[in-house]
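Summary of structural features
What follows is the residue order along each chain.
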Amino acid sequence: MRKIKYVPGISFKALLLLILIQQPAYAADYSNIISEDYLRSQFTFSAGDKLKYTECKKKSYPTCTYIWGAVHKKDEARLKAGVAPKGNKLQIVYAQARSKKDFERVLSSYKDAEKVEDLASGAVWSQKRRQLSLITEDNLIIHINIEDKTTADVKSKSKSIANEIINKL
């Protein structure tokens, strides 16, 4: 049994809350789920467009960002400044929940949540956010956000990407 040491200034309730929301000691690696070939098969890359930026790292939660488009002279300066280049973007956030109730809590902030059938354990689409949010059987919450002017049906594209992710988990 683990002993909990008292820390002056922290109440027992606060300590208990910290223990309950503590992230796992290891973080899953999601960087190999979406490849450049897959992105090119899902989105329109015009002549000269390149995948300019790919980053999967833990911010608040593991987040993968993919940016593509025409190379711009300011791209390199933006990258050196620690800012992503401009272009079309796919962003995927992975958050491990403890239970399905966590997903319900996330959805309570959606004003326009539209249930999506036959996808994972549960899924909703937000037109306002242009975002698909879902929860898997293992309580992994995934948010898929697309910013691409050439994609007419962002909801369908998001569902396709969700299925790709689920198949590779």
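Here, the structure is the one placed above.
In this report, the structure presented in the accompanying data block is examined.

The rules behind these values
- Residues numbered from 1 in each chain as written.
- Predicted model: local features only at pLDDT ≥ 70, side-chain atom pairs only at ≥ 80, totals over all residues.
- Heavy atoms only, no water.
- Helix = DSSP H or I, 4+ residues; strand = E, 2+ residues; numbered from the N terminus.
- Buried < 20%, exposed > 50% of the residue type's maximum accessible area, 1.4 Å probe, protein only.
- Contact = heavy atoms within 4.5 Å.
- Arc of directions from axis to C-beta.
- Disulfide = S-S within 2.5 Å.
- Core = buried A, V, L, I, M, F, W, Y, C linked by side-chain atoms within 4.5 Å.
- Pairing = 2+ DSSP bridges.
- Axes fitted to C-alpha atoms, helices over the stretch in contact; angles between N-to-C directions.
- Salt bridge = Lys/Arg side-chain N within 4 Å of Asp/Glu carboxyl O.
- Polar contact = N/O pair within 3.5 Å; in protein donor to acceptor, adjacent residues only side chain to side chain.

The next point concerns the overall build of the protein. Counting secondary structure elements, the protein contains five helices and seven strands. Along the protein, helices and strands appear, N-terminal first, in the series α-α-β-β-α-β-α-β-β-β-β-α. In the protein, buried positions account for 37% of the 169 residues. Considering only contacts within the protein whose residues lie at least 6 apart along the sequence, 50% involve residues at least 24 apart.

Turning to helix α4 (residues 100-107), its buried residues are Asp102, Phe103 and Leu107. Along the axis of α4, the buried positions cluster into a sector of 140°, meaning they face one direction only. What points out from α4, more than 90 degrees from its buried face, is the exposed set Lys101, Glu104 and Arg105. If you follow the buried residues of α4, they end up packed against β5 (122-126), β6 (131-135) and β7 (140-147).

Taken as a whole and assessed by the stated rule, the structure comprises one disulfide. One disulfide in the model links Cys56 with Cys64; its S-S distance is 2.2 Å. Residues Cys56 and Cys64 are joined through a disulfide that is right-handed, its torsion about the S-S bond being 125°. On the accessibility criterion, Cys56 (29% relative accessible area) is partly exposed.

It is worth spelling out the nonpolar core at this point. Formed by 27 residues in total, the largest nonpolar core has its most connected members in Ile34, Leu90, Ile92, Ile144 and Ile161. Mapped onto this core, the elements with two or more residues apiece are α2 (36-42), β2 (62-70), β3 (88-96), β5, β6, β7 and α5 (154-168). Dropping the residues within four chain positions of it, Ile92 is found in contact with Ile34, Pro62, Thr63, Cys64, Tyr66, Ile142, His143, Ile144, Ile161 and Ile165. Core analysis: the second largest hydrophobic core is formed by eight residues, Ala95, Ala97, Leu107 and Tyr110 among them.

A few words on the sheet that holds strand β1 (residues 49-58). Within a beta sheet, neighbouring strands are joined by backbone hydrogen bonds and run either parallel or antiparallel to one another. Here we have seven strands laid out as an open sheet, ordered β1-β2-β3-β7-β6-β5-β4, and antiparallel in their pairing. A strand with exactly one partner marks an edge of an open sheet, and here the two such strands are β1 and β4 (114-115). Here α5 sits on the sheet and contacts β3, β4, β5, β6 and β7; the angle it forms with β7, its principal contact strand, is near 140°.

Across all of its chains, the model carries seven salt bridges by this definition. Glu114 is paired through a salt bridge with Lys155; the nearest N and O atoms lie 2.3 Å apart. Pair noted here: Glu114 is in strand β4 and Lys155 is in helix α5, with a separation of 41 residues, a long-range link. Its relative accessible area of 36% is what places Glu114 among the partly exposed residues. Among the residues examined, Lys155 registers a relative accessible area of 23% and is labelled partly exposed. Close ionic contact of Lys168 with Glu164 constitutes a salt bridge, the shortest N to O distance being 3.1 Å.

Turning to the side chain of Thr151, a few remarks are in order. Note on placement: Thr151 falls in the loop between β7 and α5. Residue classification places Thr151 among the buried residues on the basis of a relative accessible area of 11%. Reaching out from Thr151, the side chain makes a polar contact with the side chain of Asp148 at a distance of 2.4 Å. Excluding anything up to four places from it in sequence, Thr151 contacts Phe43 and Lys157.

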